[in-house]
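Residue-level structure breakdown
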Amino acid sequence: MNELVFKDFTSAYLSLAEEVRENYDYISSPRGMKVKEKLAVRFEITNPLHRVPYVPVRKFKIQYMIAETLWYFSGDNKTEWIANYAPFWLDISDDGLTANSAYGARIFKNHPRIARGALNQWEYIKDELKRDPDSRRAFLHIRTPSDSVIGLKDVPCTIGLQFFIRDGKLDLVVNMRSSDLILGISYDVPAFTFLQELMANELEVCVGTYVHISNSLHVYERHFEMLDEILATKNVAESRLLSYMRGPMKPMPTKQRTEKLFQFESLLRSCQHADNVDNALTELAAESLEEYWFDWAQILAAHKMGKLGQKKKMRDLMYNVSEQLRPIKMTQEVKK
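Residues numbered from 1 in each chain as written. Predicted model: local features only at pLDDT ≥ 70, side-chain atom pairs only at ≥ 80, totals over all residues. Heavy atoms only, no water.

Here's the deal with the overall build of the protein chain
This is how it is decided: A helix here means a DSSP run of H or I that spans at least four residues, while a strand means a run of E at least two residues long, and both kinds are numbered starting from the N terminus. In this setup the radius of gyration rests on C-alpha atoms only. A globule is expected at 2.2 Å times the number of residues raised to 0.38. Note on classification: 1.4 Å probe, protein chains only; a residue is buried when its accessible area is under 20% of the maximum for its type, exposed when over 50%, partly exposed between these limits. In this description, contact between two residues means that some pair of their heavy atoms is separated by no more than 4.5 Å. Working definition of accessibility: Shrake-Rupley area with a 1.4 Å probe, residue cover restricted to the visible protein chains. Think of it this way: Lys and Arg go in the positive column, Asp and Glu in the negative one, and His and the chain ends go nowhere. To locate a charge, the coordinates of NZ of Lys, CZ of Arg, CG of Asp or CD of Glu are taken.
Within the protein chain, the regular secondary structure consists of 15 helices and eight strands. For 336 residues, the compact-globule estimate of 2.2 N^0.38 gives 20 Å, and the protein chain sits close to it at 20 Å. C-alpha extents for the protein chain along the principal axes are approximately 55 × 50 × 45 Å. Put simply, the protein chain has 336 residues, and 56% of those count as buried. By sequence separation, contacts in the protein chain at least 24 residues apart represent 70% of the contacts at least 6 residues apart. Summed over its atoms, the accessible surface of the protein chain is roughly 15,400 Å², and 50% of this surface lies on carbon and sulfur atoms. Side-chain charges in the protein chain split into 45 positive and 45 negative, and the spacing between the mean points of these groups amounts to 2 Å.

Have a look at this one:
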């Protein structure tokens, strides 16, 4: 097993990219698609709040990161909701309406494939760790045996998440059956560390370390050239500099406001003009939303502005958010 320890996700991502390119275990072709693959890869991030991969070549989308995380937090599993931010979800839905990989529906709500709908896993984890802080039973299941039968296009890549309170901090260990370095892991790690931080807040403990175990870490042949570009010397140097300049995200407020944000996002969908979006943001600001959550609102509003063809308003909104959440190209433009 390969074990790697990093203080931030950018450093981890660059190292994993090099491992897959230079030290892969196999070249295999699942479903006829060639990949370079490493098995049983384990890496650790000591500061999970340093979760954004500042890798310009990857073209990481902050708007999608926020939308996907909010989707998970809401417990929603409608494909139409998340497809507004990434249309590929429409292509992988088995029934055309819902997503098997809508992890939030399995985490925050009673789900028919988890203990036959008899268990809210999020509440179970909290209760278990409050009852016994040293517990080893706080395991949150994602993939179930039923997914091997029912899921055809969308079989969850995540096996489960296990939470531990050790030395007064909340550690998280994530087990993955499969991790696509380019398409999957770049968003999985931010989403899972948000869950870790949220659980730590609800348990009133500090955030510990994040551990990610990928049974298959791989890159598809269509991304081999991108992998080479990511690892070009000048691009690696730029990624490391960006990570240093941006730093970790600010801590999540102890008061969760994601339900309010989900309502705000629903309102944005009905906006037909830029003025409607501006008015919705103004009304939200009047509710004294914490800066952390208002950043999320502005990012969602920026996405809507883009949909309305208001590129300047979209850019202005993204400039207003905390530095860690601004698109990478904005820092690149300032440097130039």
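Points about the environment of Ser 15
Structurally, Ser 15 can be placed in helix 1 (residues 9-22). C-alpha of Ser 15 to C-alpha of Leu 231: the two residues are 216 residues apart in sequence and 9.3 Å apart in space.

So, the packing of aromatic side chains
To keep things clear, this is the line we draw: A pair of aromatic rings is counted whenever rings of Phe, Tyr or Trp (Trp by its six-membered ring) have centres within 6.5 Å, and the orientation is called stacked for planes under 30 degrees apart, edge-to-face for over 60 and tilted otherwise.
Counted according to the given criterion, the structure contains 18 aromatic pairs. Ring geometry for Phe 194 versus Trp 296: centroids 5.3 Å apart, planes at 75°, classification edge-to-face. A residue pair is termed long-range when its members are at least 10 positions apart, and Phe 194 in helix 8 (residues 185-203) and Trp 296 in helix 13 (residues 291-307) qualify at 102 residues. The same class applies to Phe 194 and to Trp 296, which are both buried. For the ring pair Tyr 292 and Trp 293, a centre distance of 4.9 Å and an interplane angle of 85° mean the geometry is edge-to-face.

Overview of unusual backbone geometry
Positive phi, close to 50°, is recorded for Ala 115, a residue that is not glycine. The phi angle at Asp 167 is positive, at roughly 55°, despite the residue not being glycine. With respect to the secondary-structure elements, Asp 167 resides in the loop between strand 5 (158-166) and strand 6 (169-176). A relative accessible area of 81% means that Asp 167 is categorised as exposed.

Quick look at the packing of helix 1 against helix 10 (residues 233-246)
For clarity, the cut-off: Simply put, an axis is a line fit to the C-alpha atoms, just over the touching stretch for a helix, and the angle between two N-to-C directions goes from 0 to 180 degrees. Orientation is classified from the angle alone, with under 35 degrees giving roughly parallel, over 145 giving roughly antiparallel, 65 to 115 giving roughly perpendicular, and any other angle giving oblique. A crossing counts as left-handed when the near helix is turned anticlockwise from the far one by less than a right angle, and as right-handed when that turn is clockwise. Side-chain classes follow a simple rule in which Ala, Val, Leu, Ile, Met, Phe, Trp, Tyr, Cys and Pro form the nonpolar group, Asp, Glu, Lys and Arg form the charged group, and the remainder, Gly included, forms the polar group.
Axis separation between helix 1 and helix 10 bottoms out at 9 Å; the angle between their running directions is 160°. Relative to helix 10, the element helix 1 lies roughly antiparallel. Where helix 1 crosses over helix 10, the two elements pack in a sense that is left-handed. Where helix 1 approaches helix 10, its residues Thr 10, Ser 11 and Leu 14 are matched on the opposing element by Val 236, Ser 239, Arg 240 and Ser 243. Among the residues forming the contact of helix 1 with helix 10, the class breakdown is two nonpolar, four polar and one charged.

With respect to the pairing of strand 5
Here is the key point about a regular strand: its side chains alternate between the two faces of the sheet. The following threshold applies: Following DSSP output, two strands are said to pair if at least two bridges run between them.
For strand 5, the buried fraction is high: seven of the nine residues fall into the buried class. Pairing between strand 4 (residues 139-141) and strand 5: three bridges, direction antiparallel. Paired with Leu 140 across the strands is Leu 161, a residue of strand 5. Joining the antiparallel neighbours strand 5 and strand 6 is a turn of two residues, in which Asp 167 adopts a positive phi near 55°.

Structural notes on helix 11 (residues 258-269)
Structurally, the α-helix is built with 3.6 residues per turn, so residues lying three or four positions apart point the same way. Stated precisely, the cut-off is as follows: Expected helix span is given by 1.5 Å per residue-to-residue step, counting one fewer step than there are residues. What the arc covers is the set of directions going from the helix axis to the C-beta atoms.
Taking 1.5 Å per residue as the helical rise, helix 11 with its twelve residues ought to reach 16 Å, and the 17 Å between its terminal C-alpha atoms agrees with that figure. Taken together, the buried positions of helix 11 are Thr 258, Leu 261, Phe 262, Phe 264, Glu 265 and Leu 268. On an axial view of helix 11, the arc spanned by its buried residues comes to 160°, and they lie on one face. Close packing links the buried residues of helix 11 with helix 2 (62-74), helix 3 (79-83), helix 12 (274-285) and helix 13.

Observations concerning the side chain of Ser 11
One can find Ser 11 in helix 1. Those residues within four positions of Ser 11 in sequence are excluded, and the remaining contacts are Phe 6 and Arg 240.

Focus: helix 10
Taking 1.5 Å of rise per residue, the 14 residues of helix 10 would be expected to cover 20 Å, and the 20 Å separating its terminal C-alpha atoms lies within 8% of that figure. Within helix 10, burial applies to Asn 235, Val 236, Glu 238, Ser 239, Leu 242, Ser 243 and Arg 246. Down the axis of helix 10, the smallest arc covering the buried residues is 160°, so these residues share one side. Residues of helix 10 that are exposed and angled more than 90 degrees away from the buried face: Thr 233, Lys 234 and Tyr 244.

Description of the side chain of Thr 79
Among the secondary structure elements, Thr 79 is positioned in helix 3. Judged by relative accessible area, Thr 79 falls into the buried class, the value being 0%. If near-sequence neighbours (up to four positions away) are discounted, Thr 79 is found in contact with Trp 89, Leu 90, Ser 93, Leu 97, Thr 98 and Ala 99.

Some remarks on the pattern of salt bridges
The following threshold applies: Every case where a carboxyl oxygen of Asp or Glu lies within 4 Å of a side-chain nitrogen of Lys or Arg is listed as a salt bridge.
Going through the model one piece at a time under the given rule, you end up with 18 salt bridges. Its salt-bridge partner being Asp 25, residue Lys 38 comes within 3.7 Å of it at the nearest N-O pair. A residue pair is termed long-range when its members are at least 10 positions apart, and Lys 38 in strand 3 (residues 35-45) and Asp 25 in the loop between helix 1 and strand 2 (26-28) qualify at 13 residues. Judged by its relative accessible area of 3%, Lys 38 is buried. Using a relative accessible area of 36% as the deciding quantity, one classes Asp 25 as partly exposed. Arg 106 serves as the salt-bridge partner of Asp 147, at 2.8 Å between the closest nitrogen and oxygen. Of this pair, Asp 147 sits in helix 7 (residues 145-150) while Arg 106 sits in helix 5 (residues 103-107), and the two are 41 residues apart along the sequence. Judged by relative accessible area, which is 1%, Arg 106 ranks as buried.

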